[in-house]
Amino acid sequence: MIARVILLQGFETDCFFLNKHSCKTQLSTHADKRQLSLREITTNRGSIYDTNGHILAMSVPKKTLCINFRKIYKPYINNEINIDPLLDKINLSKKKFNKLLRKNKDKVEYYLKRKVDDDTYNDITKINIPYVYFIDEYDRIYLSGEYFSNVLGFTDIDDNGLSGIELANNNVLRSNKGLKKIRKDNLGRSVEMLEIIKEPKPGEDIYLSFDKRLQYVAYSILKKHVDSSDADSASLILIRSKTGEIITMANYPSFNPDNRQEFTGEKIKNKAISSIFEPGSTIKPIILYSALESGTVNLNDTIDTGYGLKLYDKSKLLTDYKNLGLLTLEGVIQNSSNVGAAIIAKKTKKQKIYKTLNEFNFGGDLYVDFPSIQNGNIKDISSWDDALHGTVGYGYGLSTTLLHLANAYNIIANDGIRVQLTYKKHFGEVDGEQVLQKEVSQEILKMMQKAVDDGTGKNAKIKNYSVAGKTGTVRLRINGKYSERNHNALFVGMAPASDPEYVAAIIVRNPKNRPVSGGKNAAPIFSEFMSYSLNLLEVYPDIK
């Protein structure tokens, strides 16, 4: 025994004649190899800010509970370690732990509980069970709650973007892990950091154009109206006209971003950009622009809607909700005449309407970097029959999203100038492209103002501000047929109409408390939301 002690301490070996084939030399080196380890260094994902610098999403440090199954296996099965106090703290059954142990018995680091709360961490550190330790990680938290969640999206447990803006900007927001060399004690716990091999790099922050205050207001108003009308859902978009910045994009219902159990189903969808629908009467100003710009009609023309219209030889007679008689072009918009709009569309060449719809970006890419964004659809001109030539005039036979509608009206608000929409905050000047005739765009805006002053959109009025806009009430297609009881209600408008600074688009999907219309269900949302927003955004009233 004395000889072996001399060998171990003096010569770092336990070799002698009888064990020379199984002994080790340089024992301190072997010990170092067992105790040295490489461990990743985590750092934070970039934060997301609103336009005013309020934090919407950020990553905070959290502790993850780890266990060395290889080391703990024998002591545990020999009843030398009591694991029960630990299992109680993390709410893990003995049966499940035993199953994990058998399956992973050779693993030296197994994540037993990811990102535990502070109280649990403090309780476990007092238990002092061997081969159990913590490592540092980060957890994503959302300070904006449900009213932003289906727009911002969410990350997985490893802080990688899975949906929404988190996914679209993952390459910017994500962090790059570092690497360090550590020394561990006999229980597998890190006791000394020896060397930084690779420095970690935090993710970059991003600043959005959204206003957290208005997002909350929009969400609350949508919730109130969806509940009162027994609707399926609703969405609202607010755009700053001159810059194309999206100030608000709200959807109700939504989900709790702090509860991963809710990260499935319809509620996680950003329906303002992913849900397509037929635009109905909100397309009428665009069709009228096409007819005026091409010279098919002029401002002094009148349209006789009293006799209705047959879209093709054997079709049923198309009529309005009442006999509107002889209408000016302004009257077609003001009274939302389907017959008048169809007559104007039929007079205008298909190719011209198709070209105009494309100029307004319907069916096209808006180049707004949202995952799951849809473009809608305009049928190829070769497949336009007599029926579609007419129904396109009042918004049937094509599909769009709420963002596309808001973009189209924003072009009109800007006197025919198209600016690039964005959810990123602008820090410089914004250039636009003149895609429509300025004078014709201004005439369309005046007609839409009349629709709010004295027409179907009068519930969109705002005290001390002029408003231009258009309602839409669209039958839903169910089992291949248009329903008489299921509708979408729409309103798209701009204010102040004298010099539009903001455009807002609203859709209420399938409200069931009748009667249903864009004027009843969507226009009041515009009025309520914009009354608050224009005041908060310090837009000067244009009506005394």
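Residues numbered from 1 in each chain as written. Predicted model: local features only at pLDDT ≥ 70, side-chain atom pairs only at ≥ 80, totals over all residues. Heavy atoms only, no water.

Peer 1: Can you explain the environment of Asp365? Please cite residues and give values.
Peer 2: Here Asp365 lies in the loop between α15 (350-359) and β15 (377-378). Taking the relative accessible area as the measure of exposure, Asp365 reaches 40% and is therefore partly exposed. Considered as a pair, Asp365 and His404 are 39 residues apart in the sequence and their alpha carbons are 9.1 Å apart. At a separation of 2.7 Å, a polar atom in the side chain of Asp365 contacts the main-chain amide nitrogen of Tyr367. (Helix = DSSP H or I, 4+ residues; strand = E, 2+ residues; numbered from the N terminus. Buried < 20%, exposed > 50% of the residue type's maximum accessible area, 1.4 Å probe, protein only. Polar contact = N/O pair within 3.5 Å; in protein donor to acceptor, adjacent residues only side chain to side chain.)

Peer 1: Pulling in residues and values, what's your account of the environment of Gly376?
Peer 2: Note that Gly376 resides in the loop between α15 and β15. As a C-alpha pair, Gly376 and Ser399 span 23 residues in sequence and 4.8 Å in three-dimensional space. With sequence-adjacent residues up to four places away left out, Gly376 is seen in contact with Ile276, Gly363, Ser399 and Thr400. (Contact = heavy atoms within 4.5 Å.)

Peer 1: Explain a positive patch on the surface residue by residue, including any values.
Peer 2: On the surface, Lys95, Lys96, Lys99, Arg102, Lys103 and Lys107 cluster together to form a positively charged patch. Of note, Lys99 is situated in helix α5 (residues 94-103). (Patch = residues over 30% accessible without salt bridge, like charges linked within 9 Å, V, L, I, M, F, W, Y side chains within 5 Å. Areas by Shrake-Rupley, 256 points an atom, 1.4 Å probe, with all protein chains shown as cover. Salt bridge = Lys/Arg side-chain N within 4 Å of Asp/Glu carboxyl O. Lys, Arg positive; Asp, Glu negative; His and termini not counted. Charge placed at Lys NZ, Arg CZ, Asp CG, Glu CD.)

Peer 1: Residues and numbers for the packing of aromatic side chains, please.
Peer 2: Considering all chains together, one arrives at 18 aromatic pairs under this definition. Here Tyr121 and Phe134 contribute two aromatic rings whose centre-to-centre distance is 4.8 Å and whose plane-to-plane angle is 75°, an arrangement assigned as edge-to-face. Linking Tyr121 in helix α6 (residues 118-127) with Phe134 in strand β5 (residues 132-142), this pair joins segments that are 13 residues apart in sequence. On the accessibility criterion, Tyr121 (26% relative accessible area) is partly exposed. Seen in terms of ring centroids, Phe154 and Phe263 are 4.1 Å apart; in terms of plane orientation they differ by 25°. Their pairing is stacked. Here Phe154 is found in the loop between α7 (146-152) and α8 (164-168), whereas its partner Phe263 is found in the loop between β10 (245-252) and α11 (271-274), with 109 residues between them in sequence. By relative accessible area, which is 12% here, Phe263 ends up buried. Three or more aromatic residues link up through ring pairs in this structure, and these residues are Phe69, Tyr76, Phe97 and Tyr110. The ring of Tyr482 is capped by Arg477, whose NZ or CZ atom sits 4.9 Å from the centre of that ring. (Phe/Tyr/Trp six-rings, centres within 6.5 Å; stacked < 30°, edge-to-face > 60°. Lys NZ or Arg CZ within 6 Å of the ring centre and 35° of its normal.)

No statement about biological role is implied by the geometric values presented.
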